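Descriptive structure summary
Below are the chains, spelled out letter by letter.
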Amino acid sequence: MTAGNNSTRIKSWTDAPSRPAWTPPPGAVDAHVHVFGPEALFPFSPKAKYLPQDATPEMLFALRDSLGFARNVIVQASCHGTDNAATLDGIARSNGTARGVAVVDPAISDAELARLHAGGIRGVRFNFLKRLVDHAPKDAFLALAQRIAPLGWHVVVYFEADLLVELTPFLAAIPTVVVVDHLGRPDIGQGPGGADISAFVALLDAQPHLWAKVSGADRLSVTGAPYDDFVAVVRPVVERFPDRVLWGTDWPHPNMETNIPDDGALVDVVPRIAVSAQLQQKLLVANPDRLYWLAA
Ligand code: 0GY
């Protein structure tokens, strides 16, 4: 795709999010955000499936502060392909308050992996959504996972519920922690005992190296804000796997331009899915610390 000027590109976030009623604990990490561009410095991939407006690190850090968070994990977005320059730029501008997850060509050199590590990358993302990427080569991903494990990195995977069975052996073969974005996108409309979330919980029971990113209330909810249906399904997951969950706003909410969430309302979901101070501390501080700040 060819990028037009900023005004012809899509915008999927609000400039005026509410302040959350709830205050995150000190050191809290918003562990799923992206940066887009700025396109003049960091052009989008020719293979990008969407062309967003610039969502810069400075905008991210202003949002972080207004929501009461201290740190971010910047996840490379598909629109930037395997060029992680924008993500690295965001980390470099963060004064140590951001780490990142990269998307790389599986043929990446060891020297380039070392450069990404020095730039604050602590994981690689394998994206299986056909609307976002053309190829998801499982064998090459597994070979890459073997190479990033010694760095103390982990793997982040993004897939939808209909791929869970097919991906189960692939996930089992990954020799690092594997974080599943947005809980593997279950159909929340099925309710807390639904087939999708039950299969996901069974997968986490069977594979102790799997973690869940309990994010995406806005993407998954059928009823919409304040996301009661999401809370009913996800609270039991947090309580069952308190040491294996992360949370993030998902700002700037790629592809949500027709249903833009209020980031303050998303933060107010956290105390409803992690109902004690101890669960909140694990979800927002201790767990992301382990993967992003304390890892080798
Ligand atoms: C998300 C979700 C989406 C997009 C991406 O890399 C991406 O472009 O992750 C999506 O469209 O569902 O987690 O940001």
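Check the entry above for the structure.
Remember, predicted model here, so these are calculated numbers, not experimental data.

1. Let's talk about the overall build of the protein chain
When helices and strands are counted, the protein chain shows 11 helices and 8 strands. Over its C-alpha atoms the protein chain spans a radius of gyration of 18 Å, differing by no more than 12% from the 19 Å that the globule rule assigns to 296 residues. Its C-alpha atoms put the protein chain at 45 × 45 × 35 Å along the principal axes. Buried residues in the protein chain amount to 57% of all 296 residues. Considering only contacts within the protein chain whose residues lie at least 6 apart along the sequence, 77% involve residues at least 24 apart. Accessible area for the protein chain stands at about 11,400 Å²; split by element, carbon and sulfur atoms hold 55% of it. Put simply, the protein chain has 25 plus and 31 minus side-chain charges, and the middle of one group is 4 Å from the middle of the other.

2. Thoughts on the pattern of salt bridges
Within the structure shown, the criterion is met by 18 salt bridges. Here Glu239 ties to Arg235 by a salt bridge, and the two come within 2.9 Å at their closest N and O atoms. With Glu239 and Arg235 both in helix H8 (residues 228–240) and 4 residues apart, the pair spans about one turn of that helix. In this structure Arg235 comes out as partly exposed when scored by relative accessible area, which is 37%. Here the residues in one salt-bridge network are Glu58, Asp89 and Arg93, joined through shared partners.

3. Regarding the side chain of Thr56
Turning to its location among the elements, Thr56 is positioned in the loop between strand S1 (29–33) and helix H1 (57–67). Every residue in contact with Thr56, bar those within four places of it in the chain, is listed here: Val35, Phe36, Pro38 and Trp251.

4. With respect to the pairing of strand S2 (residues 71–75)
Along S2, 5 of the 5 residues are buried, which leaves the element largely enclosed by surrounding structure. Neither face of S2 is open: one carries Arg71, Val73 and Val75, the other Asn72 and Ile74, and all of them are buried. Taken together, the 3 bridges between S1 and S2 define a ladder with parallel strand orientation. When the sheet's bridge partners are listed, Val29 is paired in S2 with Arg71.

5. Describing the site of the ligand
Near the ligand you find 15 residues, and of these His34, Tyr50, Ser78, Arg131 and Tyr158 are the closest. Separating an oxygen atom of the ligand from a side-chain N or O atom of Ser78 is a distance of 2.6 Å. At 3.3 Å, a side-chain N or O of Arg219 approaches an oxygen atom of the ligand. The fraction of the free accessible surface of the ligand (340 Å²) that becomes covered by protein chains is 100%.

6. A short note on the side chain of Ser221
Structurally, the position occupied by Ser221 is in the loop between helix H7 (217–220) and H8. Among the residues examined, Ser221 registers a relative accessible area of 13% and is labelled buried. At a separation of 3.2 Å, a polar atom in the side chain of Ser221 contacts the main-chain amide nitrogen of Thr223. In terms of polar contacts, Ser221 uses its side chain to reach the side chain of Asp229, at 2.7 Å. Every residue in contact with Ser221, bar those within four places of it in the chain, is listed here: Tyr227 and Asp229.

7. Thoughts on the packing of aromatic side chains
Taken as a whole, this structure holds 9 aromatic pairs when the rule is applied. Aromatic pair Phe36 and Tyr50: ring centres 6.1 Å apart, planes at 70°, arrangement edge-to-face. Within this pair, whereas Phe36 is found in the loop between S1 and H1, its partner Tyr50 is found in the loop between S1 and H1, the two being separated by 14 residues in sequence. For the residue pair Phe36 and Tyr50, the accessibility class agrees, reading buried in each case. Ring plane angle 55° and centroid distance 6.3 Å describe the contact between Phe126 and Phe170, whose orientation is recorded as tilted. Taken together, the residues Phe126 in strand S4 (residues 121–127) and Phe170 in helix H5 (residues 164–172) connect sequence positions 44 residues apart. Each of the two residues, Phe126 as well as Phe170, counts as buried. By way of ring pairs, the aromatic residues Trp13, Phe36, Tyr50 and Trp251 are connected into one cluster. A cation over an aromatic ring shows up here: Arg71 above the ring of Trp293, its NZ or CZ 4.4 Å from the ring centre.

8. What to know about the sheet that holds S1
Strand order in this open sheet of 8 strands is S1-S2-S3-S4-S5-S6-S7-S8, and the pairing throughout is parallel. Each end of this open sheet is capped by a strand with a single partner; those strands are S1 and strand S8 (245–246). Pairing of strand S7 (residues 210–213) with S8 involves 2 bridges; the strand directions are parallel. In the sheet register, Ala212 faces S8, and the bridge partner there is Val245.

Conventions we followed
Residues numbered from 1 in each chain as written. Predicted model: local features only at pLDDT ≥ 70, side-chain atom pairs only at ≥ 80, totals over all residues. Heavy atoms only, no water. Helix = DSSP H or I, 4+ residues; strand = E, 2+ residues; numbered from the N terminus. Rg over C-alpha atoms; globule rule 2.2 N^0.38 Å. Buried < 20%, exposed > 50% of the residue type's maximum accessible area, 1.4 Å probe, protein only. Contact = heavy atoms within 4.5 Å. Areas by Shrake-Rupley, 256 points an atom, 1.4 Å probe, with all protein chains shown as cover. Lys, Arg positive; Asp, Glu negative; His and termini not counted. Charge placed at Lys NZ, Arg CZ, Asp CG, Glu CD. Salt bridge = Lys/Arg side-chain N within 4 Å of Asp/Glu carboxyl O. Pairing = 2+ DSSP bridges. Near = heavy atom within 4 Å. Polar contact = N/O pair within 3.5 Å; in protein donor to acceptor, adjacent residues only side chain to side chain. Phe/Tyr/Trp six-rings, centres within 6.5 Å; stacked < 30°, edge-to-face > 60°. Lys NZ or Arg CZ within 6 Å of the ring centre and 35° of its normal.

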